[in-house]
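What follows is the residue order along each chain.
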Amino acid sequence: MKLLSISLLLLTLLSNVYSFTDYLLKDCKKDAFCHRNRRYAEEQAKLLHNGIYGLDKSSIAVSENGVFEANLIKTIERSDIDDIKVTLPFTMSFISDDQCKGLNALRFTVNELRKNCQTDRVDCNRFNETWNWAVLDKYHNENYKSSKDSLSWEISSIRSKHGWFSSNDDDEEIIIENKQRDIKVELTINNFHLKVYYKNVLQTIINERSLFNLEHHRSKKENFQNVLPFESTYNMFADNFEYSKFDTIPLGPESVSLDFTLVNYDNVYGIPEHADSLRLKDTQSTNTISKRKFSKKHNPEENSDPYRLFNVDVFEYNVDSKQPMYGSIPLMIAAKPGSSMGLLWLNPSDTWIDVNYSSDNTKTHWMSENGIIDVTMFFGKHPKDVTNQYIQLTGSPVLPQLSAIGYHQCRWNYNNELDVLTVESKMDKGHFPFDFIWLDLDYTDKKQYFTWNPDAFPNPTRLLNKLSKLGRQLAILIDPHLMSKSEVSKRIIKSGTQVKSNVGRTFLGQCWPGQSIWIDTISKLGQIEWSNIFHDFVAKYVPVIDVKGNNLHFWNDMNEPSVFSGPETTAPKDILHDENLEERSIHNLYGLSVHEATYDAVKEDYKNLTRPFVLTRAFFAGSQRSAATWTGDNVANWEYLRISVPMILTNNIVGLPFIGADIAGFSGNPDPELIVRWYQAGLWYPFFRAHAHIDTKRREPYLFEDPIKSIVRHSIQLRYKLLPTFYTAFHKASVNGYPIMNPMFYEKSAFAAMYDIDDQFYLSDSGIIVKPIVSRKTDVTAMIFAPGIYYDLETLNATIISGEEVQTLRVEAPLEKVPAFIEGGHIITKKERYRRSSHLMVRDPYTLIIAPDVNDEAHGSLYVDDGKSFEYKEGQYLETNFKLSNNVISNKPSHLPGSNSKYETVGNTLIETLIISTSELNHITVNEQVKVTEGLEEWNVDVQHDGNRIIITNPLVHIDQEWCITF
Ligand code: NOJ
């Protein structure tokens, strides 16, 4: 029976050429714990049932490392037997950095003490390791000691207070405070509620609606006496969803749920991955799902479902949808002018989040299938503070090799060595710069990773060497599913590091190679085995390990994991990882475990010399430390181009900025107009890659007809010209989490009108503002601007926005033009010469574009390092700041590399041209010559005037020297 239905599912999948359809996914009603918790919420809204959760005062203690600890007690009143009481250990702590970098967080956890859990099949404890996966080592439970003195607490009566739940006026509350950090919590004892204040302003009320629900452990037999009278018991011990009905649910209902009212916030963002707007939608009101082809099977109720976080393989996913996708980052950011907070719900099990905008507050309801409640909240003035604190806790986004931020040419598949080299040379002849060429699935021998198809790629080392000489990088696909009969699988099975079935045998499922096993990178031993496999592979094909030569990179695809024969296209929830840990408990972490193990392995293989590049499809909080990602299997139509922008913006604010979308749509054949518009948008994606499905027509840029070809060429070349600015943006992201594709409300947070804009953005803090065209036959668009001067990126013509308010202006956008401006007040750095790849630009000089604001001032910064090694971590980099003020342009390096660098750290330092753009509001008058002073020397340089541009050619100044140019 089981086999039959698996084969039927498989047949359906294959007959659709593995096309994604809604019916494979659960909606909230069918995902039992979501169903139950939404019902719980409905019942609580009708008639508040209070007093279920209270704190045991006598259990309060503050541990040696400064953690407030107490037991929460869940009480189920029974008339027939003694009341049932369940102990739920509760902790609360303050997390701050010791270097005044502004990390200012409050964490609390709720676990369950399970006494009578009898099963030897699965680990009985709630999974409590997510924190250690997601956050940096120094904050791991065993390492982090918040100072005991920073936390104070006292009990007081709240009888005299009036407020949010009047029935409990005689309750008591505990005030827990970190005075130095301005965070205060009021925790009500008998009725567990929390109010959290930052700088004396109420930020959030936790459990205001009494939606806190922890389904404690009980056997099926005891269930009837363990449920609350108003609780739903829907599918507590069985699952009747068509594709997951074999789920054994060994521990019964285990979900955790809690509500957070974000007080005086009416904009919330984050919690990717969804193909949806940047500002989260209200999940109770219906929104329209744009469908590509649809579909009797589509369930209209999905419209009012919560957002779901559950890593799944969603080929040709729906757009404008809250359905789950490949990755999950459970960080929500609330923001308004002057204030922001972040809410990190560290739980990797299947999770749903309801969002309700209600007058000035936002009410959210978080529900996870199992595990513990582990919540960290960040507070600040600005949403950037939240992103910044989040990456301080979970790690900096990776600073990639310079080449990885160039253009990537990918296709499923480049068929053989000749094909690869032909694409390389045609790109070159067509003057399309690029850095990476990619090999998808079929470079392997019968889809066995860690092998090469011997006919197509008889000598991979030769190919790598050839590409290396041409300055190109090669990325190849290695997925975590492995053909069950392959050599590598035998090795994994021998070491016992494969994922196991629910009865402890090797888990077998279907994926690209047919019957497959999965490496268990959740386990330490699995990570070591994976690393050894990489070690042998790299040693075999990359014989010389040196900074220049290491041009092989890796792509971990299908690591949700995708299991064609599994429920919801992924792994059954009851299969087992090391130590009998259920997949259910760690599901959204698996992808991270795979790509992190890959990154660590390659870093070791490359002897810590070169920065590895790893692309992952699945992600979780912390993925930014080692990987880039992309938005998965989109379609070559306008809807997917449009939605790529808010999707990428969302990832940028939750600390995983190295993301792109397949240009110009993975499946289907884009028409010429779509191709152009997609390249014009894609050139701003942090990860800039063209990719196409195996069934599509070839579409390498040199194949296009003019004018498409020349516009695409121009777009790719523009990305390369701006590489110094992009690399500086990546560096900033890696230091402080600054978004690379940066939403309007992050840059212009003082203007309420910016909080719902997600079709235009800034490039980091460079001042470049862009609105890609994402609809057909559009040659004019509307852009919103804060007051200031804006210079067209290409012509430098000025547009003035006067007054105090934002304005929306009509902007011309003929096919050859992507609307992009430099905001007055900024100086951007370019390299203007055409080169075949990023590494050939190292010796090229710089051009500065100076865009003065209304006060005739401008600033800009530049970061340069060797673009490849880790030496920047030892200070081998240059950082400098340009300034225009009082008719003087100046440069002042703030950091210079030492003289003992092994590599060429900064390349050419010469600035060959400075261009000052002006507007009618500026008072910059430059004579025929300017005076240049660098060190003790002084000389004059001629100036050209060209319309509103002042051009200074060959001033002979350098980025690594202090100099002034005086008008
Ligand atoms: C699915 C990925 O999303 C896609 O990019 C890739 O081409 C195919 N797997 C084949 O490997």
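Residues numbered from 1 in each chain as written. Predicted model: local features only at pLDDT ≥ 70, side-chain atom pairs only at ≥ 80, totals over all residues. Heavy atoms only, no water.

## Observations concerning the overall build of the chain
Condition: The helix and strand labels rest on DSSP assignments: H or I over at least four residues marks a helix, E over at least two residues marks a strand, and numbering proceeds from the N terminus. Each radius of gyration is computed over the set of C-alpha atoms, and the globule rule expresses the reference value as 2.2 Å times the number of residues to the power 0.38. Exposure categories follow from relative accessible area, calculated using a 1.4 Å probe and restricted to protein chains: below 20% of the type maximum is buried, above 50% is exposed, and the middle band is partly exposed. Only heavy atoms matter for contacts: two residues are in contact if any of them lie within 4.5 Å across the pair. Note on areas: Shrake-Rupley with a 1.4 Å probe; residue coverage comes only from the protein chains shown. Charged residues are defined here as Lys and Arg on the positive side and Asp and Glu on the negative side; His and the ends of the chain fall outside this count. In this description, the location of a charge corresponds to atom NZ of lysine, CZ of arginine, CG of aspartate or CD of glutamate.
Counting its regular elements, the chain contains 16 helices and 49 strands. Scaling as 2.2 N^0.38, a compact globule of 967 residues should have a C-alpha radius of gyration of about 30 Å, and the chain matches this with 29 Å. Along the first, second and third principal axes, the C-alpha atoms of the chain reach 95 × 70 × 55 Å. Taken over 967 residues, the chain has a buried fraction of 66%. Across the chain, the fraction of contacts at a sequence separation of at least 24, relative to all contacts at a separation of at least 6, is 72%. Carbon and sulfur atoms make up 49% of the accessible area of the chain, which amounts to about 34,200 Å² in all. Within the chain, the 125 negative side-chain charges are centred at a point lying 4 Å from the centre of the 101 positive side-chain charges.

## A word on the sheet that holds strand S24 (residues 514-518)
This is how the line gets drawn: In this description, strands pair whenever DSSP reports at least two bridges between them. Where helices are involved, their axes are fitted lines through C-alpha atoms of the stretch in contact, as for all axes, and angles between N-to-C directions lie from 0 to 180°.
One open sheet holds the three strands; their spatial order is S22-S24-S23, and the pairing between them is antiparallel. The two strands at the open ends of the sheet, each matched to only one other strand, are strand S22 (481-483) and strand S23 (509-511). Between one strand and the next, the sheet's axes are offset by a mean angle of 60 degrees, whatever the strand orientation. Sheet analysis places S22 next to S24, joined by three bridges and oriented antiparallel. Each residue of the ladder has a partner; that of leucine 482, found in S24, is isoleucine 517.

## What about the side chain of asparagine 388?
Tracing the sequence through the fold places asparagine 388 in helix H5 (residues 383-394). Relative accessible area serves as the criterion here: at 17%, asparagine 388 is assigned to the buried category. Once residues within four sequence positions are removed from consideration, asparagine 388 is found in contact with Lys101 and Asn736.

## Comments concerning the packing of helix H6 (residues 417-429) against helix H7 (residues 460-469)
Where we set the bar: Note that the term roughly parallel is reserved for angles under 35 degrees, roughly antiparallel for angles over 145, roughly perpendicular for angles of 65 to 115, and oblique for everything else. Throughout this entry, Asp, Glu, Lys and Arg are counted as charged residues, while Ala, Val, Leu, Ile, Met, Phe, Trp, Tyr, Cys and Pro are counted as nonpolar. The remaining residues, Gly among them, count as polar.
Relative to each other, H6 and H7 sit at 5 degrees, their axes nearing to 11 Å. By the criterion of interaxial angle, the relationship of H6 to H7 is roughly parallel. Listed contacts from H7 to Glu417, Val420, Leu421 and Glu424 of H6 are Arg462, Leu463, Lys466 and Leu467. Partitioning the contact of H6 with H7 into residue classes produces four nonpolar, no polar and four charged.

## Side note on helix H11 (residues 590-605)
Note the threshold: Working rule for helices: expected span equals 1.5 Å times residues minus one.
For H11, with 16 residues, the first-to-last C-alpha span of 23 Å sits near the 22 Å given by 1.5 Å per residue. Across the 16 residues of H11, 13 count as buried, placing the element largely inside the fold. Residue lysine 607 follows H11 closely and has a positive phi angle near 50 degrees.

## Quick word on the site of the ligand
Formally: We call a residue near a molecule or strand as soon as one heavy atom of that residue lies within 4 Å of the molecule or strand. Residues adjacent in sequence count toward polar contacts only when both atoms are side-chain atoms; beyond that, a polar contact is any pair of N or O atoms within 3.5 Å, and within protein one must be able to donate a hydrogen and the other to accept it.
In the neighbourhood of the ligand, 14 residues make up the surrounding shell, with Asp440, Asp557, Arg617, Asp633 and His691 lying closest. A distance of 2.4 Å separates an oxygen atom of the ligand from a polar atom in the side chain of aspartate 440. Contact distances for the ligand include 2.9 Å between an oxygen atom and a side-chain N or O atom of histidine 691. For the ligand, whose accessible area on its own is 290 Å², the fraction buried by protein is 100%. When the residues that make up the shell around the ligand are grouped by side-chain class, the tally is nine nonpolar, one polar and four charged.

## What about the confidence of the model for the chain?
To be explicit about the condition: Per residue, pLDDT captures the predictor's confidence, and it can take any value from 0 to 100.
Averaged over every residue, the pLDDT of the chain is 92; residues scoring 70 or more account for 94%. Across residues 1-19, confidence stays below pLDDT 50; counting only partners more than four residues off in sequence or on other chains, it has 28 contacts. For the stretch residues 287-298, pLDDT sits under 50, and the model shows 32 contacts to residues farther than four places along the chain or on other chains.

## Things to note about the environment of leucine 683
By the element assignment, leucine 683 lies in the loop between helix H13 (672-682) and strand S31 (688-690). For leucine 683, a relative accessible area of 0% corresponds to the buried category. If we skip the residues at most four places from it in the chain, leucine 683 touches Phe688, Ser715, Leu718, Arg719 and Phe726.

## Describing the state of the cysteines
The criterion, for reference: Counting rule for disulfides: a pair of cysteine sulfur atoms within 2.5 Å.
Taken as a whole and judged by the stated rule, the model has one disulfide. A sulfur-sulfur distance of 2.1 Å marks the disulfide that ties cysteine 28 to cysteine 34. Measuring handedness by torsion sign, the sulfur bridge of cysteine 28 and cysteine 34 sits at about -100 degrees and is left-handed. For the residue pair cysteine 28 and cysteine 34, the accessibility class agrees, reading buried in each case. Unpaired in terms of disulfides, cysteine 410 finds its nearest cysteine sulfur in cysteine 511, a separation of 17 Å.

## Remarks on unusual backbone geometry
Cis rather than trans, the peptide bond between proline 272 and glutamate 273 has omega equal to 20 degrees. For glutamate 273, the position within the fold is in the loop between strand S12 (268-270) and strand S13 (307-309). A cis amide bond links tryptophan 412 to the next residue, asparagine 413, at an omega of 20 degrees. Its place among the elements puts asparagine 413 in the loop between strand S19 (407-409) and H6. Located in the positive-phi region is serine 210, a residue other than glycine, with phi close to 55 degrees. As for its position among the elements, serine 210 is in the loop between strand S9 (201-206) and strand S10 (213-214). Of note, lysine 777 is a non-glycine position whose phi angle comes to about 45 degrees, a positive value. Among the residues examined, lysine 777 registers a relative accessible area of 71% and is labelled exposed.

## Here's the deal with the packing of aromatic side chains
The test is simple: Two rings from Phe, Tyr or Trp (for Trp, the six-membered ring) form a pair when their centres sit within 6.5 Å of each other. Planes less than 30 degrees apart are called stacked, planes more than 60 degrees apart edge-to-face, and all others tilted. Here, a charge over a ring means that NZ of Lys or CZ of Arg falls within 6 Å of the ring centre while also lying within 35 degrees of the ring normal.
In the structure shown here, the tally under the stated rule is 51 aromatic pairs. Taking the centre distance of 5.2 Å and the plane angle of 65 degrees together, the rings of phenylalanine 436 and phenylalanine 613 count as edge-to-face. Here phenylalanine 613 lies in the loop between H11 and strand S28 (614-616) and phenylalanine 436 lies in strand S20 (residues 436-439), a separation of 177 residues in the sequence. In this pair, the class of phenylalanine 436 matches that of phenylalanine 613, namely buried. Three or more aromatic residues link up through ring pairs in this structure, and these residues are Tyr443, Phe450, Trp452, Phe457, Trp530, Phe534, Phe537, Tyr541 and Phe554. For the cation-ring pair, lysine 336 lies above tyrosine 265, with the distance from its terminal atom to the ring centre recorded as 4.7 Å. Over the face of the ring belonging to phenylalanine 726 we find arginine 719, whose NZ or CZ atom lies 4.0 Å from the ring centre.

## Remarks on the sheet that holds strand S29 (residues 628-630)
Read across the open sheet, the eight strands follow the order S30-S29-S28-S25-S21-S20-S19-S31; overall the sheet is parallel. Among the strands making up the open sheet, the edge pair consists of strand S30 (659-660) and S31. In this structure, S29 lies alongside S30, joined through two bridges in parallel fashion. Bridge assignment links threonine 629 to a residue of S30, and that residue is isoleucine 659.

## Topic: the nonpolar core
To keep it simple, the criterion reads: By nonpolar core we mean a set of buried residues, namely Ala, Val, Leu, Ile, Met, Phe, Trp, Tyr and Cys, connected to one another through side-chain atoms within 4.5 Å.
Among the nonpolar cores identified, the biggest contains 199 residues, and Phe450, Leu474, Tyr679 and Trp684 are the most heavily contacted of them. Of the residues forming this core, the biggest block, nine residues, is contributed by helix H12 (residues 638-653). With residues up to four places along the chain from it excluded, the contact list for phenylalanine 450 reads Ile478, Leu482, Val488, Trp530, Ile533, Phe534 and Phe537. Core analysis: the second largest hydrophobic core is formed by 57 residues, Val86, Phe94, Met332 and Trp345 among them.

## Things to note about the packing of helix H14 (residues 708-721) against helix H15 (residues 723-736)
Interaxial distance between H14 and H15 falls to 5 Å at its minimum, and their mutual angle equals 60 degrees. In terms of orientation, H14 and H15 fall into the oblique class. Contacts between H14 and H15 pair Arg719, Tyr720 and Lys721 from the former with Leu723, Pro724 and Phe726 from the latter. Per-class residue counts for the contact of H14 with H15 are four nonpolar, no polar and two charged.

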